[in-house]
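# Structural features, examined
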Amino acid sequence: MKKINVITLLLVVLTSILVKAQFGPPTGEPDVINKRWHAQWITVPSASNDGYGVYMFRKTIELPSKPNNFKIHVSGDNRYKLYVNEKLVSMGPARGDIAHWNFETVDIASYLKSGKNIIAAQVWNEGEFKPEAQITYRTGFILQGATSAESAINTNNTWLCEKDNSFAPLRFTVRAYYVAGAGEVRNMALSLKGWQSENFDDKNWQKAKQIGSGVPKNVLGAFGTMSGWMLVSSIIPQMELKDERLAKTVKVEGNITLPDGFPQRKNDIVIPANSTFKVILDQSYLTNAYPNVEFSGGKDASISLNYAETMYTKYPSKGNRNEIEGKQFLGRKDSLVSDGSNNQKFVSLTYRTYRYLQISITTQSEPLTLNDIYGTFTGYPFKMNANLITSDGEMNKILDIGWRTARLCAYETYMDCPYYEQLQYIGDGRIQAMVSLYNSGDDRLVKNAINLIDFSRTPEGVTLSRHPSYTPQFIPTFSLWYIGMLQDYSRYAADIEFVKTKLGGVRQILEYFKSYQQTDGSLKNTPQWMFTDWVDNAKEWKAGAGPMSVNGTSAVLDFQLLWAYQVAADLENKLGNHAFANQYLQAVEVLKKTIRTKYWDKNKKLFADREEKDEFSQHTNSLAILTGLTSQIEATEIAKQLLENKSLSPASIYFKYYLHQALIKAGQGNDYLKWLDKWRENIQMGLTTWAETSDVDKTRSDCHAWGSSPNIEFYRTILGIDSDGLAFSKVRIEPHLGRITDINGSMPHPKGSISVSYKLEKGKWKIQVDLPKTISGTLIWKGKDMALKEGSNSFQL
């Protein structure tokens, strides 16, 4: 056997330490992250490694009494649903990659009983139909008891299994980028009813095939993991599940009278033999939900379910989302065939995104009874812990829509959109993370996002634009926004040690860009998709990338790099790494001089998008203010043009996040509510979530949380609550009230909450600021600084 090199051994130890720092022992049971598991990955003997298939696994265990604790660790590939005595107890695994394959830890004691218990799992591999976000190794399932007391439950060849032949994929195609997976075909006659129950006869089931032991990422064997998956403990909780009724019927085809209260209440609807029935139901708002359809009889009847964000006047035009007359229904589809028995039920494997749900039923020689139809909402279990009290109904509506949008774009990762992609992009994720921190205070999905993005870094140093994703995509500018995302976390969340583990990645990203910088600091011919924003009606903005000079340079790219250097320097300085900070600050000074020389147009008093000085945008000039490259006088003049100069290429609803920050920095923050016309247009057009692009009529997706920035700025800008130190250790309160004379609100803080109140009475402002214990700060009122102590602070000004 070869001797292990000392350096190699040191690297193994350091890697193990870093993995523990990021994931840690899941529940005080170190064996599952530091030792090879006793449980085996199992599969159905006939299962395809990578083809489409749905599989069932069962294990019977006998217990002398109901236990007080019974902790297990569970994972699968692609996905699993775990049942204990017919109750759903876990779904997963949380999406990751092969080198960071999540397992969930669940205490199932409350579902167990003395005597016989049935542990059952549904596992599926969507094969070539899988979503783009689904990375996979091969079909498999694993479950391990946390200690020897639970070892009887471990997966091995004592588990029984079978393929569920009632499933088939149903591909969905649309004239847009769609990568969220296929629908389902379900032949109910081929399904095995009650397979999770104690009374089910499994004597003819096969013994499971063992395909390798569970190996945690911390166990770095000389010959690899052998089983492919490197197991890590998921740091996020189980997804929320909550039943929700559809709101109303908006269209019916077929000679059937609907019962009163349908679909808000459960009612039987009988569809006669040899007939067709079609109904369109309106949830009244966009949702992510598992459809539940219960039906009886109607042998060989076909049932189709179609799901749509909205309907189309003429593709891709959508019109007002509340209107359906004369519109076309286009959407993802599931298709069922009834077996004629009573109490059949369909629940999809994965959730569907819809506002409108169309159900079509065609019966054969037997009538079919539709017993019920409803949804089960699902999403990351965020709780709204911020509060805004105002008499302005529009502000409340904007907050509600923004929060719904943020929730629908948050599952096991952040997502750009739930309907079309379900991919975690950095550009979207930075804004989504800030919404999470300002509205909820729950930082677990933020940390998960930062982990996954960091894991996606290539040997060259740049990250992928999105992760997890089985097709690599590079948007190098998003790697720069990632640095800002990490700085955001360091300012508003509590785990600074976590931030320190990510600094090496920041340095590698900047080294990547350094290789494309010229001697003057300017970037030239940087490869891949240099996306900045979807810009409407600007011919020089191609596929979201800003105008390029003939020689391959670009002001918007140089500004984004300048901004990233400044953010990285701030991070390194505050964490005590002054050598790196000084290096970045030197690069900042070089870039500042170059940008001023190359792109400043003294006649227009604007920064041009390229050296030819023939294209100008809100993007370039917003970044000029944000990077401090302008004097205060210049910033004021540029801000005026940002608001009034219609020749500037406009920022979309996404990049308005940066545009608005620039205007606020330039002293225009009291006008924030005047800048929300795009959000008002969304509301007027009947959207219940924010559209992907500024073209509300023809936007592809009706749900993109990068438009939820008002859910940040209502608190950060209007109420003025901001962090002024690492881990929110200091607070800065600088309100921008405009014409508001009475408003109050609160937001979560790592050590409690921050609340503020502003009320104008008889020409004087009554101001109340309440801070958590040990936290102090500064109130800035009309340019004057006033100290804030922990606890209650009252002012009359």
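Here goes a summary of the coordinates provided. All residue numbers refer to positions counted from 1 along the written sequence of the respective chain. Given that the model is predicted, a residue must reach a pLDDT of at least 70 before its local features are reported, and side-chain atom pairs must reach 80 or more before they are shown or counted; all residues, however, enter totals for whole chains, interfaces and linings. Neither water nor hydrogens contribute to the side-chain values; these are computed over all heavy atoms in the structure.

What follows covers the state of the cysteines. Cysteine sulfur atoms that come within 2.5 Å of each other are treated as a disulfide pair. What the rule picks out here adds up to zero disulfides. Note on Cys417: no disulfide assigned, nearest cysteine sulfur contributed by Cys409 at a separation of 7.0 Å. For Cys417, a relative accessible area of 0% gives the class buried. Burial here depends on accessible area, computed with a 1.4 Å probe over protein chains only, as a share of the maximum for the residue type. Under 20% is buried, over 50% is exposed, and the range in between is partly exposed.

What follows deals with empty space enclosed by the protein. It is the rolling of a water-molecule-sized probe over the atoms that shows where space remains empty. A cavity, in this analysis, means grid points on a 1 Å lattice covering only the protein atoms where a 1.4 Å probe fits yet has no way out; a pocket is instead an open set bounded by protein on both sides within 12 Å along at least five of seven lines, and a residue lines either one if it has an atom within 4 Å of a point. Grid points are joined across faces, edges and corners, and a volume is the space filled by probe spheres set on the points. Tallied over the full model, the rule gives nine cavities of 30 Å³ or more. Put simply, the largest cavity is a space of about 220 Å³. Lining of the largest cavity is provided by 21 residues; of these, Arg79, Arg95, Thr350, Tyr351 and Tyr411 occupy positions nearest its centre. Elements represented by at least two residues in the lining of the largest cavity include exactly β4 (79-84) and β5 (87-92). Strands here mean DSSP runs of E at least two residues long; helices mean DSSP runs of H or I at least four residues long; both are numbered from the N terminus. Tallying contributions element by element places β4 first for the lining of the largest cavity, with three residues. Any residue that is not Ala, Val, Leu, Ile, Met, Phe, Trp, Tyr, Cys, Pro, Asp, Glu, Lys or Arg is counted as polar, Gly included; the first ten are nonpolar and the last four charged. Class assignment of the residues belonging to the lining of the largest cavity gives a composition of 10 nonpolar, five polar and six charged.

It is worth spelling out the pattern of salt bridges at this point. Working definition: two side chains of opposite charge can pair if their charged atoms are close together. Salt bridges are defined as contacts in which a side-chain nitrogen from Lys or Arg sits within 4 Å of a carboxyl oxygen from Asp or Glu. Counted under the stated rule, the structure contains 42 salt bridges. A salt bridge links Glu132 to Arg466; the nearest nitrogen and oxygen atoms lie 3.7 Å apart. Of this pair, Glu132 sits in the loop between β7 (115-125) and β8 (140-145) while Arg466 is found in the loop between α5 (444-455) and α6 (476-492), placing the two residues 334 residues apart along the sequence. Of the two residues examined, Glu132 and Arg466, each falls in the buried class. For Arg352, the salt bridge goes to Glu184, with nearest N and O atoms at 3.4 Å. Pair noted here: Arg352 is in strand β22 (residues 352-362) and Glu184 is in strand β11 (residues 183-187), with a separation of 168 residues, a long-range link. Glu184 gets classed as buried once you look at its relative accessible area, which sits at 3%.

In this chain, Gly92 is followed by Pro93 through a cis amide linkage whose omega measures -5°. Here Pro93 shows up in the loop between β5 and β6 (101-107). Backbone torsion omega between Phe262 and Pro263 reads 5°, so that peptide bond is classified as cis. The residue Pro263 is located in the loop between β16 (248-253) and β17 (269-271) in this model.

Moving on: the side chain of Arg58. Among the structural elements, Arg58 can be located in strand β2 (residues 53-63). Here Arg58 falls in the buried class, since its relative accessible area comes to 3%. As used in this structure description, the phrase polar contact means that two N or O atoms lie within 3.5 Å; if the pair is within protein, one of them must be able to donate a hydrogen and the other to accept it, and residues adjacent in sequence are counted only when both atoms belong to side chains. A distance of 3.0 Å separates polar atoms of two side chains, one belonging to Arg58 and the other to Asp202. Any two residues whose heavy atoms approach within 4.5 Å at even a single point are treated as in contact. Beyond its immediate stretch of four places on either side in the chain, Arg58 contacts Ile118, Ile119, Ala120, Trp159, Leu160, Trp195, Gln196, Ser197, Phe200, Asp202 and Trp205.

Now for the packing of helix α9 (residues 555-574) against helix α11 (residues 618-626). Two quantities define a packed helix pair, namely the angle between the axes and the distance from one axis to the other. Inter-axis angles, ranging from 0 to 180 degrees, are taken between N-to-C directions of lines fitted to C-alpha atoms, where helices are fitted over the stretch in contact. Where α9 contacts α11, the two axes come as close as 9 Å, and the packing angle between them is 30°. Judged on the interaxial angle alone, α11 and α9 are roughly parallel. Every pair of crossing elements has a handedness; the one defined by α9 and α11 is left-handed. Contacts between α9 and α11 pair Ala555, Val556, Phe559 and Gln560 from the former with His619, Thr620, Leu623 and Ala624 from the latter. Considered class by class, the residues forming the contact of α9 with α11 number five nonpolar, three polar and no charged. For classification purposes, an angle smaller than 35 degrees is called roughly parallel, one larger than 145 roughly antiparallel, one from 65 to 115 roughly perpendicular, and anything else oblique. Put simply, a crossing is left-handed when the front helix is turned counterclockwise from the back one by less than a right angle, and right-handed when it is turned clockwise.

The subject of this paragraph is helix α15 (residues 710-718). Where burial is concerned, most of α15 is hidden: nine out of the nine residues are buried. All of the buried residues along α15 are Pro710, Asn711, Ile712, Glu713, Phe714, Tyr715, Arg716, Thr717 and Ile718. One or two residues past the end of α15 sits Gly720, with phi positive at roughly 85°.

Here we take up the sheet that holds β4. Strand order in the open sheet formed by six strands is β5-β4-β7-β2-β9-β12, with antiparallel pairing between adjacent strands. Two strands lie at the open edges of the sheet, namely β5 and β12 (206-207), each paired on one side alone. Sheet topology note: the β4/β7 ladder contains six bridges and is antiparallel. In the strand pairing of β7, Leu82 is matched with Ala121. Strands qualify as paired when DSSP identifies two bridges or more between them.

Right, let's get into the packing of aromatic side chains. Pairs were defined over the aromatic rings of Phe, Tyr and Trp, the Trp ring being its six-membered one, requiring ring centres within 6.5 Å. Orientation was assigned from the angle between planes: stacked under 30 degrees, edge-to-face over 60, tilted for the rest. As enumerated under the stated definition, the model contains 44 aromatic pairs in all. Centre to centre, the rings of Tyr178 and Tyr419 are 6.4 Å apart; their planes meet at 65°, and the pair counts as edge-to-face. Remark: Tyr419 occurs in the loop between α3 (393-408) and α4 (426-439) and Tyr178 occurs in the loop between β10 (167-170) and β11; sequence separation between them is 241 residues. A residue is classified by how much of its surface remains accessible, and Tyr178, at 14% relative accessible area, is buried. Ring centres of Tyr489 and Phe498 lie 5.6 Å apart, and the angle between their planes is 65°; this geometry places the pair in the edge-to-face category. Since its relative accessible area comes to 0%, Tyr489 is described here as buried.

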